[in-house]
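# Per-entry structural report
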Amino acid sequence: MAGRINDDDVKAVRDAVPIDAVVSEYLQLRNAGGGNLKGLCPFHDEKSPSFQVSPSKGLFHCFGCQEGGDTIAFVMKIDHLSFSETVERLAAKAGITLRYEEGGYNPSHQRGERIRLIEAHQAAAEFYVRALESPEAEIGRKFLAERGFDQEAAAHFRVGYSPAGWDHLTRYLRGKGFSDKELITSGLSQDGRRGPIDRFRGRLMWPISDTAGDIVGFGARKLRDDDNGPKYLNTPETPVYKKSQVLYGIDLAKKDIAKASRAVVVEGYTDVMACHLAGVTTAIATCGTAFGNDHIKILRRLLMDNGSARVIFTFDGDSAGQKAALRAFEDDQKFAAETYIAIAPDGMDPCDLRLVKGDDAVRDLVEPRTPLFEFALRQIVGRYDLETPAGRAAALDEAAAVVAKIKTSSVQREVAVQLAGLVGILDQEFVVHRVAQLARWARDKGGDQGDRGGRGGPQGRGPRGGAPQQTAPAPAFSGPALNLRSPAHRTERELLKLALQKPALVSPAFDAYGVDEFTAPPYAAVRRCIEEAGGAEQGIADDRAYLGAVLDAAPDNTVRNLVTELAVEVFHGRTIDETYAGMHLVHVRLRAVDRRIADVQSSLARLGNHVAPQDLAAAQNEVWVLQQYAQTLRAHGAAAL
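Residues numbered from 1 in each chain as written. Predicted model: local features only at pLDDT ≥ 70, side-chain atom pairs only at ≥ 80, totals over all residues. Heavy atoms only, no water.

Let us now look at the pattern of salt bridges. By the definition in use, this model includes 32 salt bridges. Between Lys57 and Asp543 there is a salt bridge; the shortest N-O distance is 3.6 Å. Of this pair, Lys57 sits in the loop between β4 (51–54) and β5 (59–62) while Asp543 is found in helix α25 (residues 543–553), placing the two residues 486 residues apart along the sequence. Residue Lys57 is classed as buried on the basis of its relative accessible area, which comes to 9%. Its relative accessible area of 24% is what places Asp543 among the partly exposed residues. The salt bridge involving Arg493 is made with Glu565; its shortest N-O contact spans 2.3 Å. (Salt bridge = Lys/Arg side-chain N within 4 Å of Asp/Glu carboxyl O. Helix = DSSP H or I, 4+ residues; strand = E, 2+ residues; numbered from the N terminus. Buried < 20%, exposed > 50% of the residue type's maximum accessible area, 1.4 Å probe, protein only.)

This is how it looks when you write it as structure tokens:
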């Protein structure tokens, strides 16, 4: 049985791997104020960033879908790993050797499936790279050279060669300690008559990495005429490789995509290589499948969908390339970025273009030429005889249905006007109304789906990007619902944020506050977690350990998510200091005192003459003491706490 990872080692991993560095491998982060970073959430579709990261706290939280936690929780969720697999992966990144309890350390038994499969792919990539230097691989080296790729280029992209024998790689990986089951599961081997054999044989090999840079599969190109297989053969679907969720070259291009707010989508591995070598380092390609929804999600997280973001498709000029462009246009509205298509005048792909005309021609090709919607409309309209009324009417019907899918009304109108010109209809308003009518029919038929981006980010956010003003977690708490319009709830929320993010400003006064001083049940639950973690004063010496203890004290994921939300949410005030903290401490306490006074007076009123004299005297005295305390708080503020 696998041993348990030592708790001190888990803490060391949490401390050693900055959460912003890990999250940045999957999405672009920008300054959110207050020391926090923000980006588009990788766990749900949205068009404005509601995903926040607090590097100082080591936590993330999404105000749209309520996902949150530390570095380990993020990697577990985004890569679908177990806790131990995640810790092992992050430990390897940080160079930390883990200790295991209850049985010591045995890599073959204690490493999770994903990590084992990734390690197998890494070992296979190294094997293929070495094999490219062999005499047998001369045909592969020639193939690369004929396309303008020298040895240095092959090494940069880790291109390799799979030997033509039946089980060269399988035997090599067995020698590395991988089981037959792991080799079959990874897709590197397949079942043969006498056991596993290599899936890829006698082919040029491109490693395919995920956004984090882990090799998850391979693309293999046929080299010999006697190879009866397809021209390109990819890794089959495996636990780590989903072709609809990977983009070749994303590991090399992601930083430049985020920096330049531009992505270039090409069709093949050699096209990616040609673009990068020509200086277009934002080029990526799909792997044996059409560009689709999951690919869009990957790019949107990197592009952040700001107003200047651009996605440029470089499909071939043939009919297949045109069909691919039309498919891409169908998904165009899922981008906030502007989309373009670039096709060389002679229909060459980037690899051929670089060979014939050089690097400058490749760079010129991907400079935005034609908006994707314009290209798509021209392709549709071009199929009809516009010299006849019937041809113009048919072209309008088909093209207008496409324009009607545009969700932004101003853009829809602008494109409709252009469509009128393409079809040759002088009455532009007629085309505009026709498109709007089709859009209304589509909404009425299928229901108004609203924002195609899903949740669309936090609803009713505050003026400084802070707490949502209308929505809130829906925990299974008893008591009144959380209402962020309530001044009391807003103040309690801000005080809890102070206790989690800046405990030195509210300690030790905060730790004397009772759970019942927080009227919102979710906030009372967080207050209880802080109490069980030893109080806010624990956060002064080691805020990460303190936050970890608060999270550990949470009874369920609902409370845990609220803790992370409060730990990363920006404050409403401009200056967060002792005065600000004291104001919230006083307001929460004053409301608690006023509630107690009202409760006692209400009880006395209900009892009337039936209350015992000594009880009446005690109650009246309590009210008097509380009233005096309230006056002191109002007069002297935090100094009276």
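Next up on the list: helix α9 (residues 168–175). Every buried residue of α9 is accounted for by Leu169, Thr170 and Leu173. All buried residues of α9 lie within an arc of 100 degrees about the axis, which places them on one face of the element. Directly after α9, the chain includes Gly177, whose backbone phi takes a positive value near 95 degrees. (Arc of directions from axis to C-beta.)

What follows deals with the nonpolar core. Ranked by internal contacts, the top residues of the largest apolar core, which has 45 residues, are Leu144, Val159, Leu204, Trp206 and Tyr248. In contact with Tyr248, other than residues within four places in its own chain, are Phe157, Trp206, Pro207, Ile208, Tyr269, Val272, Met273, Ile284, Ala285 and Cys287. Core analysis: the second largest hydrophobic core is formed by 38 residues, Ala524, Ile530, Val559 and Leu562 among them. (Core = buried A, V, L, I, M, F, W, Y, C linked by side-chain atoms within 4.5 Å. Contact = heavy atoms within 4.5 Å.)

Omega for the peptide link from Ser507 to Pro508 comes to 0 degrees, which places this bond in the cis form. Here Pro508 shows up in the loop between α22 (503–506) and α23 (521–532). With phi around 70 degrees, Gln66 is a residue other than glycine that occupies positive phi space. With respect to the secondary-structure elements, Gln66 resides in the loop between β5 and β6 (68–70). Gln66 sits in the buried class, given a relative accessible area of 18%. Notably, Arg158 is not glycine yet its phi reads approximately 55 degrees, a positive angle. Tracing the backbone through its elements, the reader meets Arg158 in the loop between α8 (151–156) and β8 (160–162). With a relative accessible area of 31%, Arg158 lands in the partly exposed category.

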